[in-house]
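Architecture at a glance
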Amino acid sequence: MVFLGFGISLGISTAFIAVRYYSYLFSRHINGVVIAIDRVTQPNTIIGGAAPLSSAQVFSFAIAIKDQQGEIHTSSSEDRQWAVVEKGQCVEAKYFPYPPWQFDKSGTYSGARLLRLYECSP
């Protein structure tokens, strides 16, 4: 009976961790060339907007990275480090997936984290 209680507790703990940290557990490590990077909120909106924007809106980026196999990986990010990245530079990034229970966003990535920025070798 004690083992049954321990097993249930372990199962509940495992389920909690899987749900809470899904994006971290299933993140993807991407190496490649930045083929597109754009601010989601354009600078003229930031300056001329009537309502003040949050820092997440000001530093929101859409990113596309092409890996060595030719696959293009896209994501959004609110990481300020992406502000210095330019098209054609090489990056190492971590992409965090939306969990499958968010049906409208399932299979896509958000929160791309810039790990390393470097010049591509010729």
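Our structure's up above, just so we're on the same page.
Attention here is on the structure that accompanies the text. On a predicted model such as this, the values are computed, not experimentally measured, just so you know.

Quick look at the overall build of the protein chain
Counting its secondary structure elements, the protein chain contains 4 helices and 5 strands. Secondary structure elements of the protein chain occur, N-terminal to C-terminal, as α-α-β-α-α-β-β-β-β. Burial statistics for the protein chain: of 122 residues in total, 26% are counted as buried. Taking contacts inside the protein chain between residues at least 6 apart in sequence as the whole, the part at least 24 apart equals 60%.

Re the pattern of salt bridges
Once their charged atoms are close, side chains differing in charge can pair, the charge on each being opposite to the other. Applying the stated rule across the entire model yields 2 salt bridges. Asp79 is the salt-bridge partner of Arg113, the closest N and O atoms lying 2.9 Å from each other. Taken together, the residues Arg113 in strand S5 (residues 109-118) and Asp79 in the loop between strand S3 (72-77) and strand S4 (90-97) connect sequence positions 34 residues apart. On the basis of relative accessibility, which here comes to 39%, the residue Arg113 falls in the partly exposed class.

Remarks on the packing of aromatic side chains
Between two aromatic rings, the relevant description is the distance of the centres plus the angle of the planes. If you walk through the whole model with that rule in mind, you get 5 aromatic pairs. Taking 5.3 Å as the distance between ring centres and 65 degrees as the angle between the ring planes, the aromatic pair formed by Tyr24 and Phe96 counts as edge-to-face. Linking Tyr24 in helix H2 (residues 22-25) with Phe96 in strand S4, this pair joins segments that are 72 residues apart in sequence. Three or more aromatic residues joined by ring pairs make a cluster, and in this case those are Tyr21, Tyr24 and Phe96. The ring of Tyr21 is capped by Arg20, whose NZ or CZ atom sits 5.5 Å from the centre of that ring. Sitting over the face of the ring of Tyr118, Arg116 holds its NZ or CZ atom 4.0 Å from the ring centroid.

Thoughts on the pairing of S4
Most of S4 is tucked away: 7 of the 8 residues are buried. In this sheet, S4 lies alongside strand S1 (residues 28-39) in antiparallel orientation, the contact comprising 6 bridges. Residue Arg28 lies in a different strand from S4, and its bridge partner there is Tyr95. Relative to S5, S4 is paired through 7 bridges, and the arrangement is antiparallel. Paired with Glu92 across the bridge in S5 is Arg116.

Concerning the state of the cysteines
Per the counting criterion, the structure on display carries 1 disulfide. Residue Cys90 pairs covalently with Cys120 via a disulfide, S to S 1.8 Å. One quick way to see it: the torsion about the S-S bond of Cys90 and Cys120 is about 115 degrees, and its sign makes the bridge right-handed. Taken together, the residues Cys90 in strand S4 and Cys120 in the segment after S5 connect sequence positions 30 residues apart. Judged by relative accessible area, Cys120 falls into the partly exposed class, the value being 27%.

What counts and what doesn't
Residue numbering note: each chain is counted from 1, following its sequence as written. Local features in this predicted model are restricted to residues whose pLDDT is 70 or higher, and side-chain atom pairs enter the listing and the counts only when it is 80 or higher, whereas totals over whole chains, interfaces and linings include all residues. Water and hydrogen atoms play no part in the side-chain values, which are based on all heavy atoms of the structure. Put simply, DSSP H or I for four residues or longer makes a helix, DSSP E for two residues or longer makes a strand, and each gets a number counted from the N terminus. Think of it in three bands: with a 1.4 Å probe and only protein chains considered, a residue is buried below 20% of the maximum accessible area for its type, exposed above 50%, and partly exposed in between. The contact criterion used is simple: two residues touch if any of their non-hydrogen atoms lie within 4.5 Å. By definition here, a salt bridge exists when the distance from a side-chain nitrogen of Lys or Arg to a carboxyl oxygen of Asp or Glu is within 4 Å. Any pair of Phe, Tyr and Trp rings, taking the six-membered ring for Trp, is counted once the centres come within 6.5 Å. Such a pair is stacked with planes under 30 degrees apart, edge-to-face with planes over 60 apart, and tilted for the rest. Here, over-ring charges are defined by two tests on the NZ atom of lysine or the CZ atom of arginine: distance to the ring centre within 6 Å, and angle to the ring normal within 35 degrees. Any two strands with at least two DSSP-identified bridges between them are counted as paired. The disulfide definition used here is simple: a pair of cysteine sulfur atoms within 2.5 Å.

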